[in-house]
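Each chain, written out:
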Amino acid sequence: MKALYTITAITLCVYHTQAQQISPGALYAASGSGSANGVSVNWVLGSLNTFSDLSVLPVRLISFTGQVNAAGLAELHWKTAEETNNLGFEIQKSLDGKSWELLGWVDGAINSRTEKSYQYVDQEFVTTSYYRLRQVDTDDSYTYSRIIRVIPEKESLDRFYVYPNPSRESKVRVQVPERTQRLLLYDQLGNKLGQFEAPGTEHTITLPHPGSFMLQIDTPVGSKTTKLIFH
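Bear in mind the structure is a predicted one, so any value in this text is a computation, not a measurement.

Caption draft 1: A look at the overall build of the protein chain. Tallying secondary structure elements over the protein chain gives one helix and 17 strands in all. Scored against the burial criterion, the 231 residues of the protein chain give a buried share of 38%. Taking the intrachain contacts of the protein chain between residues at least 6 apart in sequence as the baseline, contacts between residues at least 24 apart amount to 52%.

Laid out in structure tokens, this is it:
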């Protein structure tokens with residue numbers, strides 16, 4: 001029992017003496033370490049480098065976004081609130097979110113205590129792409145940002161629609177985004193009535209009988225379902 005009290009006291013002492021590190025804006029993760037009476041403690045709360053979270057950068061990265069511009073190219077924007085020994089940003093690109101290649105470079109401000117805005121345009125943007133920043137220090141150490149995705153209009157799920165709908169005829173036409181992998185037809189009970197692989201961007205479906213149906217597409221961007229009515 002005495003040994004248990006000793007360990008508890010040491011743990012409490014370490015808790016009060018550990019150094020803490022909080023990720024940008026205290027929004028993503030926290031870590032810390034410390035020691036007392038010969039005992040060392042390291043801890044991590046949350047995740048410091050995942051697909052969806054901003055990693056801990058030597059700059060305060062307050063935003064990183066991407067969009068399709070008027071020319072149809074991927075335009076990346078990011079802002080920092082503070083920079084320390086920031087040499088610059090390497091922009092990396094992937095078509096699957098796993099394998100990465102160098103796309104470009106943007107110089108950093110080295111040291112700054114004011115908000116800075118940055119921009120980069122991907123001149124080779126033709127399909128859904130993933131992007132991340134590799135922030136490089138003046139001593140060549142580096143960290144990664146979160147990953148973002150930019151989808152061209154031709155591959156957007158918003159291009160999925162059926163006409164006419166409602167329909168008084170058994171045949172309906174379906175418009176789908178480019179790179180659609182499959183088109184699936186279900187009845188209102190969820191029973192699959194048909195599956196069409198690689199349907200292209202337009203497809204004609206013949207409905208078996210009047211009623212309500214669900215039409216679903218699967219694409220590399222995601223899936224979407226719409227209701228179809230045949231009177």
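Structure shown, so let's carry the discussion forward.
Caption draft 2: Representation of the pairing of strand E5 (residues 74-94). The element E5 is extensively covered by neighbouring structure, given that 15 of its 21 residues are classed as buried. Sheet topology places strand E4 (residues 59-68) next to E5; nine bridges connect them, and they run antiparallel. Across the sheet, the residue bridging to Phe64 is Trp78, located in E5. Hairpin connection of E4 to E5: five residues between the antiparallel strands, including Gly72 at a positive phi of 80°.

Caption draft 3: Quick peek at the packing of aromatic side chains. Scanning the model with the defined rule gives six aromatic pairs in all. Considering the side-chain rings of Trp78 and Phe89, the 5.5 Å spacing of their centres and the 70° angle between planes classify their relative orientation as edge-to-face. No difference in accessibility class separates Trp78 from Phe89, as the two residues are buried. Considering the side-chain rings of Tyr142 and Tyr144, the 5.8 Å spacing of their centres and the 75° angle between planes classify their relative orientation as edge-to-face. With relative accessibility at 43%, the residue Tyr142 sits in the partly exposed group. When the ring centre of Tyr144 is taken as reference, the NZ or CZ atom of Arg132 above it lies at 4.1 Å. Taking NZ or CZ as reference, Arg134 lies 3.9 Å from the ring centre of Tyr142, over its face.

Definitions and limits used
Residues numbered from 1 in each chain as written. Predicted model: local features only at pLDDT ≥ 70, side-chain atom pairs only at ≥ 80, totals over all residues. Heavy atoms only, no water. Helix = DSSP H or I, 4+ residues; strand = E, 2+ residues; numbered from the N terminus. Buried < 20%, exposed > 50% of the residue type's maximum accessible area, 1.4 Å probe, protein only. Contact = heavy atoms within 4.5 Å. Pairing = 2+ DSSP bridges. Phe/Tyr/Trp six-rings, centres within 6.5 Å; stacked < 30°, edge-to-face > 60°. Lys NZ or Arg CZ within 6 Å of the ring centre and 35° of its normal.

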